[in-house]
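# Tertiary structure, described
Residues per chain are reported as follows:
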Amino acid sequence: MDKRIISVALTGNWGDKSKNPALPMTPEEIAASAYDAYNAGASIAHIHMRDEEGKPTMRVDLFEKTIALIREKCDIIINMTSSGGHSLDGMAADETRMKPFEVLKPEMGSYDCGTMNWLHKTVFENNPQFLENLGHLYQRVGTKPEIEIFDVGMLDTAKYYVKKGVLQAPCHFQFIMGAPGGMAGTIANLTYIHSQLPEGSTWSATGLSKAHVPVMLAALALGGHVRVGLEDNLYYSHGVLADSNAQLVERAARIITAAGLDVASVSDAREILGLRKEN
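I will try to describe carefully the structure that is included in this document. Because the structure is a prediction, the values reported are computed rather than measured. (Residues numbered from 1 in each chain as written. Predicted model: local features only at pLDDT ≥ 70, side-chain atom pairs only at ≥ 80, totals over all residues. Heavy atoms only, no water.)

One finds I47, Y111, I149, F173, F175 and L190 to be the most contacted residues of the largest nonpolar core, which totals 76 residues. Beyond its immediate chain neighbours, meaning those up to four positions away, L190 contacts F175, M177, W203, A205, V215, A218, A219 and L222. Counting residues in each nonpolar core, the second largest holds nine residues, with I5, I77, A264 and L273 among its members. (Core = buried A, V, L, I, M, F, W, Y, C linked by side-chain atoms within 4.5 Å. Buried < 20%, exposed > 50% of the residue type's maximum accessible area, 1.4 Å probe, protein only. Contact = heavy atoms within 4.5 Å.)

If you want it as structure tokens, here you go:
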């Protein structure tokens, strides 16, 4: 049957327990949430780190500890962020953002293919030199980029980097829809950007906030994979907080099954995405 990957974005750079007490913040909480999401049907865990004050960080020791805790429980695919120093206080240095990949060599890593005015409050910078360096680093360490697309122009940028050899085809794209400063989370936008994908690509989509479920439904209808999680939506439905990442994964799994599709296992996802086996 047709197998669809569920990626779970456990915790991002924004939000805290005052917004939703279920948001995991520490390595122990993030690892436990990843394991629960795995049991609910997720095959990829997209992970950010928070420091002791709850601020986003790219500290290698926190990534290493969290991944070790996850690996004690399951073999879910680890997709590390490369934007974890992003906050209203500014971006971490490019070298700091790349260091965890040099040391830990995860199966996947995010590749945010352009700069944008994030939430209309700050600049989410991904300058050309950083993107070139990160793309070459991923090739050296064997990390597959998850090319995160917040607007249509970023897809064209990704195509340029494929031609230049910074990225290697076939690519895997993650459409992030509904972020203020990026493309709106509409079905029309998803349909259009899907039509612009390079042949042979794999792709997934997520909608932020109220776009969460509509984008998920449309992505499945168009043949794509899906991302859910508290990074993208702290609510389960209007006015109702999600009680866990697993709850959001469980809903996605039910919808996939109801559509006559199969939820991809971890081994299925590795085959679909052409991932190397983890060291």
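Okay, the pattern of salt bridges next. Using the criterion set out here, one finds 14 salt bridges in the structure. In this structure, K3 engages D268 in a salt bridge whose closest nitrogen and oxygen atoms are separated by 3.1 Å. With K3 in strand 1 (residues 3-4) and D268 in helix 9 (residues 266-273), this residue pair connects regions lying 265 residues apart in the sequence. What makes D268 buried here is its relative accessible area of 15%. Bridged by salt links that share partners, the residues E148, R227, E231 and D232 form one connected network. (Salt bridge = Lys/Arg side-chain N within 4 Å of Asp/Glu carboxyl O. Helix = DSSP H or I, 4+ residues; strand = E, 2+ residues; numbered from the N terminus.)

Between its first and last C-alpha, helix 4 (residues 128-141) extends 20 Å over 14 residues, near the 20 Å set by a 1.5 Å rise per residue. Here helix 4 has its buried residues at F130, L131, E132, L134, G135, L137, Y138 and V141. Contacts made by the buried residues of helix 4 are with helix 3 (94-104), strand 7 (108-112), strand 10 (144-149) and helix 5 (152-164). One side-chain oxygen at the N-terminal end of helix 4 lies 3.1 Å from the backbone nitrogen of Q129; it belongs to N127. At the C-terminal side of helix 4, G142 shows a positive phi close to 80°. (Expected span 1.5 Å × (residues − 1). Polar contact = N/O pair within 3.5 Å; in protein donor to acceptor, adjacent residues only side chain to side chain.)

Read these as layout, nothing more, since geometry by itself doesn't imply function.
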